[in-house]
Amino acid sequence: MYICIMKNIFEKLEDSAEKLKVIAHPVRIMILKIFHEEGEMTVTDIQKKLEIDQAVVSHHLSVMRNKNIVACRKAGKNRIYYLKEKRFINILKCVEDN
């Protein structure tokens, strides 16, 4: 039983570490900040705000979406992206304060 508990804890820690690795990129941090400050946005909205290629924004959103950090919903022909894991804003605040 002890081994099962430790394995479960280790798996949760591995997942947490993977999520931290995912957000450890300047573009992804900026995207998270944009979501925090402005709420839901389309890829085009984010692209215009960051002044980078739309393909780059889509790639970073996809990476974060795969780890359930951001999510999206359809609105007509557009996908509206939003921050699913709001706890990551607290992590960013801790890092910025140092």
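Above this text sits the structure in question.
What counts and how
Every chain is numbered independently, its residues counted from 1 as its sequence is written. A pLDDT threshold of at least 70 governs which residues receive local features in this predicted model, and a stricter bar of 80 or more applies before side-chain atom pairs are shown or counted, although totals over entire chains, interfaces and linings include all residues. To obtain the side-chain values, all non-hydrogen atoms of the structure were used and water was disregarded. Comment: axis = line fitted to C-alpha atoms, over the contacting stretch for helices; angle = value between 0 and 180 degrees taken between N-to-C directions. Secondary structure follows DSSP: runs of H or I at least 4 residues long count as helices, runs of E at least 2 residues long count as strands, and numbering of each begins at the N terminus. Definitions for this section: a left-handed crossing has its near helix turned counterclockwise from the far helix by less than a right angle. A right-handed crossing has that turn clockwise. Residues count as neighbours in contact if any of their non-hydrogen atoms are within 4.5 Å of one another. Each residue is assigned to one class: nonpolar for Ala, Val, Leu, Ile, Met, Phe, Trp, Tyr, Cys and Pro, charged for Asp, Glu, Lys and Arg, and polar for all the others, Gly among them. Here the rule is simple: two strands pair whenever DSSP picks up at least two bridges between them. Each helix should span, by expectation, one fewer than its residue count multiplied by 1.5 Å. Throughout, exposure labels follow a simple rule: accessible area from a 1.4 Å probe, protein chains only, divided by the maximum for the residue type, with under 20% read as buried, over 50% as exposed, and the rest as partly exposed. Each C-beta atom gives one direction from the helix axis, and the arc is the one those directions make.

Their axes nearest at 9 Å, the elements helix α3 (residues 43–50) and helix α4 (residues 54–66) cross at an angle of 115 degrees. Crossing handedness for the pair α3 and α4: right-handed. Contacts between α3 and α4 involve Val 43, Thr 44, Ile 46 and Gln 47 from the former and Gln 54, Val 57, Ser 58 and Leu 61 from the latter. In terms of residue class, the contact of α3 with α4 is made up of 4 nonpolar, 4 polar and no charged.

Attention now moves to the environment of His 36. Mapped onto the elements of the fold, His 36 is located in helix α2 (residues 26–38). In this structure, His 36 is in contact with Ile 89 and Lys 93, ignoring residues within four places of it in sequence.

Another aspect to go through is the pairing of strand β2 (residues 78–83). In this sheet, β2 lies alongside strand β1 (residues 70–75) in antiparallel orientation, the contact comprising 6 bridges. Bridge pairing links Ala 75 to Asn 78 in β2. If you look at the hairpin formed by β1 and β2, you'll find 2 residues sitting between the two strands, and Gly 76 has a positive phi there, around 70 degrees.

The next subject is α4. With 13 residues, α4 extends 18 Å between its outermost C-alpha atoms, agreeing within 8% with the 18 Å of an ideal straight helix rising 1.5 Å per residue. Within α4 the residues assigned to the buried category are Val 57, His 60, Leu 61 and Met 64. Down the axis, α4 shows its buried residues gathered within 100 degrees of arc, on one side only. Summarising the geometry of α4, the exposed residues directed more than 90 degrees from the buried face are Ala 55 and Asn 66. Directly after α4, the chain includes Asn 68, whose backbone phi takes a positive value near 60 degrees.

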